[in-house]
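# Geometric and topological summary
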Amino acid sequence: MPRTEAPIGAQHFVPADAHGLDELKAAAVHCQGCELFEPATQTVFGRGAADARVVFVGEQPGDVEDQQGLPFVGPAGRLLREAVDDAGIDPGNVYITNAVKHFRFELRGKRRIHQSPGPTHITACRPWLVAEFAQLRPELVVVLGATAAKALLGPSFRVTRSRGQLMPWPASAQHPEDFPVAEVQALATIHPSAVLRADDRDAAYAGLVDDLKVAATVL
């Protein structure tokens with residue numbers, strides 16, 4: 001049975017003074033900062049070059065990502081890649097990760113049904129996100145959906161209200177002191193999975209691409 005006590009947090013597993021993303025990724029394999037590690041297949045860490053110009057932050061891995069150990073390789077990831085191309089962003093300049101590194105799901109028969117991470121999971125996993133940013137020097141941060149927005153911009157931030165607007169980064173972060181980098185830009189938009197769930201997928205996809213086109217003006 002999963003643990004029910006309060007999460008101890010990823011800070012106990014993040015190596016101090018890590019020398020690169022590969023070291024962080026290797027350490028994250030052993031993370032037990034919250035109960036999600038128990039039913040999940042594996043930790044799904046970020047991927048991309050340390051010198052990426054754009055950092056995308058999503059919610060959590062899905063079923064396909066949990067099985068393959070890579071972020072954004074399922075249906076939402078394929079849609080995001082199409083949107084990135086249509087917005088004119090070079091995918092070679094992208095680092096992509098999630099606010100929560102383990103798949104949260106509910107079993108229904110043999111199916112694993114996605115469940116959104118709760119505030120405790122976002123808080124417990126946030127040290128990995130901070131550690132990743134310590135290794136990155138992007139020109140742009142793109143926040144995908146509500147969970148990522150809560151992790152980076154605070155619980156009061158509403159993607160639907162502020163999507164597609166360029167913001168100063170890290171000044172717009174809930175805790176700017178966690179991200180000691182030169183002032184760059186950030187932008188929030190919907191998660192690509194929201195497009196897949198939309199009644200009018202064409203309109204939702206066009207809105208995502210329009211937001212990413214705004215982001216592309218920074219590069």
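Look a little higher up for the structure.
Values in this document were obtained by computation on a predicted structure and should not be read as measured data.

Criteria and cut-off values
Residues numbered from 1 in each chain as written. Predicted model: local features only at pLDDT ≥ 70, side-chain atom pairs only at ≥ 80, totals over all residues. Heavy atoms only, no water. Helix = DSSP H or I, 4+ residues; strand = E, 2+ residues; numbered from the N terminus. Contact = heavy atoms within 4.5 Å. Areas by Shrake-Rupley, 256 points an atom, 1.4 Å probe, with all protein chains shown as cover. Phe/Tyr/Trp six-rings, centres within 6.5 Å; stacked < 30°, edge-to-face > 60°. Buried < 20%, exposed > 50% of the residue type's maximum accessible area, 1.4 Å probe, protein only. Pairing = 2+ DSSP bridges. Axes fitted to C-alpha atoms, helices over the stretch in contact; angles between N-to-C directions. Salt bridge = Lys/Arg side-chain N within 4 Å of Asp/Glu carboxyl O. Parallel < 35°, antiparallel > 145°, perpendicular 65-115°, else oblique. Left-handed = near helix turned anticlockwise from the far one by under 90°. Nonpolar A, V, L, I, M, F, W, Y, C, P; charged D, E, K, R; others polar. Patch = residues over 30% accessible without salt bridge, like charges linked within 9 Å, V, L, I, M, F, W, Y side chains within 5 Å. Lys, Arg positive; Asp, Glu negative; His and termini not counted. Charge placed at Lys NZ, Arg CZ, Asp CG, Glu CD. Expected span 1.5 Å × (residues − 1). Bend = angle between axes of the 7 residues up to and from the residue.

### Regarding the overall build of the chain
Scanning the chain from terminus to terminus reveals 8 helices and 7 strands. The dimensions of the chain, computed from C-alpha atoms along their principal axes, are 45 × 45 × 30 Å. A separation of at least 24 residues holds for 72% of the contacts in the chain among residues at least 6 apart in sequence. Summed over its atoms, the accessible surface of the chain is roughly 10400 Å², and 52% of this surface lies on carbon and sulfur atoms.

### Remarks on the packing of aromatic side chains
Throughout the structure, instances matching the rule amount to 5 aromatic pairs. Plain terms: the ring middles of phenylalanine 45 and tryptophan 128 are 6.0 Å apart, the flat faces sit at 90 degrees to each other, and that makes the pair edge-to-face. Here tryptophan 128 lies in helix 4 (residues 119-135) and phenylalanine 45 lies in the loop between helix 1 (21-28) and strand 1 (54-58), a separation of 83 residues in the sequence. For phenylalanine 45, a relative accessible area of 3% translates into the label buried.

### What to know about the sheet that holds strand 1
Taking strand neighbours across the sheet as the criterion, the 5 strands line up as 2-1-5-7-6 in an open arrangement whose pairing is mixed. Lying at the two open borders of the sheet, with one neighbouring strand each, are strand 2 (94-98) and strand 6 (167-169). Averaged over all adjacent pairs, the angle separating strand axes in this sheet is 25 degrees, with direction ignored. In the packing of helix 5 (residues 145-153) onto the sheet, contacts are made with strand 1, strand 5 (140-144), strand 6 and strand 7 (184-189), and the angle to strand 5 comes to roughly 130 degrees.

### As for the pattern of salt bridges
As enumerated under the stated definition, the model contains 7 salt bridges in all. Ionic pairing is found between aspartate 211 and arginine 163, a salt bridge with its closest N-O pair at 2.7 Å. Of this pair, aspartate 211 sits in helix 8 (residues 201-216) while arginine 163 sits in the loop between helix 6 (159-162) and strand 6, placing them 48 residues apart in sequence. The class for arginine 163 is partly exposed, based on a relative accessible area of 27%. It is possible to trace a salt-bridge network through shared partners that takes in Asp63, Asp66 and Arg112.

### Looking at the packing of helix 1 against helix 4
Closest axis-to-axis distance for the helix 1/helix 4 pair is 9 Å, and the angle between their directions is 165 degrees. The orientation of helix 1 relative to helix 4 falls into the category roughly antiparallel. In terms of crossing hand, the pair formed by helix 1 and helix 4 is left-handed. Residues Leu21, Leu24, Ala27 and Ala28 of helix 1 form the contact with helix 4, whose own contacting residues are Trp128, Ala131, Glu132 and Gln135. Among the residues making up the contact of helix 1 with helix 4, the classes are represented as 6 nonpolar, 1 polar and 1 charged.

### Quick notes on a negative patch on the surface
Taken together, the side chains of Glu82, Asp85, Asp86 and Asp90 present a region of like negative charge at the surface. Within the secondary structure layout, aspartate 86 lies in helix 3 (residues 75-87).

### Some words on the environment of glycine 74
Within the element layout of this structure, glycine 74 appears in the loop between helix 2 (63-68) and helix 3. Take glycine 74: its relative accessible area is 0%, and that puts it in the buried class. For the pair formed by glycine 74 and lysine 25, sequence separation is 49 residues and the distance between their alpha carbons is 20 Å. Beyond its immediate sequence surroundings of up to four residues, glycine 74 is in contact with Val64 and Glu65.

### Quick notes on helix 4
Compared with an ideal rise of 1.5 Å per residue, which puts 17 residues at 24 Å, helix 4 spans 25 Å between its outermost C-alpha atoms and is within 8% of the ideal. Roughly 40 degrees is the biggest bend found in helix 4, and it falls at cysteine 125, with proline proline 127 one to four residues downstream. Among the residues of helix 4, those classed as buried are His121, Ile122, Ala124, Cys125, Arg126, Trp128, Leu129, Val130, Ala131, Glu132 and Phe133. If you follow the buried residues of helix 4, they end up packed against helix 1, strand 1, strand 2, strand 5, helix 5 and strand 6.

### Focus: helix 3
Taking 1.5 Å of rise per residue, the 13 residues of helix 3 would be expected to cover 18 Å, and the 18 Å separating its terminal C-alpha atoms lies within 8% of that figure. Among the residues trailing helix 3, glycine 88 stands out with phi positive, at a value near 85 degrees.

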